[in-house]
Amino acid sequence: MSEFARWQLFDAEKAGASLAEIIKQVFTQVYNDDFSDAMMGINHQLSVDLRGWQVSESWQEVWLLTPWKVSRVFFPVSLDVIADTVLPTEWQPDVRQDQPYCVIGSLMPISVDAKSIQTHINYHPLLGHYWIQPLVQNMMKYVNNEAAYQAWSEVIAFRNNVRAQKQAELEAKEQDVKVAAAIENNVEVNRRAFLSRWL
């Protein structure tokens, strides 16, 4: 069996609905089956929700909020995207078909826009193979979906500001080095110019 034959991607025609609709359907069913009666670790005030859908040449990406976590979820747009990725035997569709829901699968980083992202492989018969990056796994302090998204948006903004500040500091240091080098070169030129008068 070829690698392509083992991978399974989302098929809208087969599913009879859009990817967004099936994601909500699948994770709502997961909640009803596995988490609706949980007393701890699950925030029953939250509902399954999707935000920030993005599509690139290689991946579809969305924020997924559930009563048990916030994650980024990635779906390859074609088999070509994962052509060089070896699918572990335990994650082949026929093996996973009747397995219970796995909150976090095996670690399997992916490359999105030339950036490596630490993600975990997962599978559902309706969704096919997908990759998930857990962001928040303690959901108990959020009173509703908006509060959860707002809190995480603030975290993202803070991280972006920190990265921007570090980048600005790095660029400033590089500029200082260039200025110092220019000054040294100028001093050396002036010294040579001065001494050349006496040669």
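Look above for the structure.
Now for a look at the structure at hand. In this text the structure is predicted, and so the values were computed from the model without any measurement.

## Let's talk about helix H3 (residues 19–35)
- Under the 1.5 Å per step criterion, the end-to-end length of H3 is 23 Å for 17 residues, consistent within 8% with the ideal 24 Å.
- When we look at burial in H3, the residues that qualify are Leu19, Ile22, Ile23, Val26, Phe27, Val30, Tyr31 and Phe35.
- Packed against the buried residues of H3 are helix H2 (12–15), strand S1 (49–55), strand S2 (59–66), strand S3 (69–76), strand S6 (120–124) and strand S7 (128–136).

## Topic: unusual backbone geometry
- In this structure, Asp113 is a non-glycine residue whose phi angle is positive, near 55°.
- Along the chain, Asp113 turns up in the loop between strand S4 (110–112) and strand S5 (115–117).
- The class of Asp113 is exposed, set by a relative accessible area of 62%.
- One non-glycine residue, Ala114, adopts positive backbone phi at about 70°.
- Within the secondary structure, Ala114 sits in the loop between S4 and S5.
- The exposure class of Ala114 is exposed, given its relative accessible area of 77%.

## Section: the environment of Ser111
- Checked against the element boundaries, Ser111 lands in strand S4.
- Expressed as a C-alpha distance, the spacing of Ser111 and Ser58, which sit 53 residues apart in the sequence, is 9.4 Å.

Scoring rules and cut-offs
- Residues numbered from 1 in each chain as written.
- Predicted model: local features only at pLDDT ≥ 70, side-chain atom pairs only at ≥ 80, totals over all residues.
- Heavy atoms only, no water.
- Helix = DSSP H or I, 4+ residues; strand = E, 2+ residues; numbered from the N terminus.
- Expected span 1.5 Å × (residues − 1).
- Buried < 20%, exposed > 50% of the residue type's maximum accessible area, 1.4 Å probe, protein only.
- Contact = heavy atoms within 4.5 Å.

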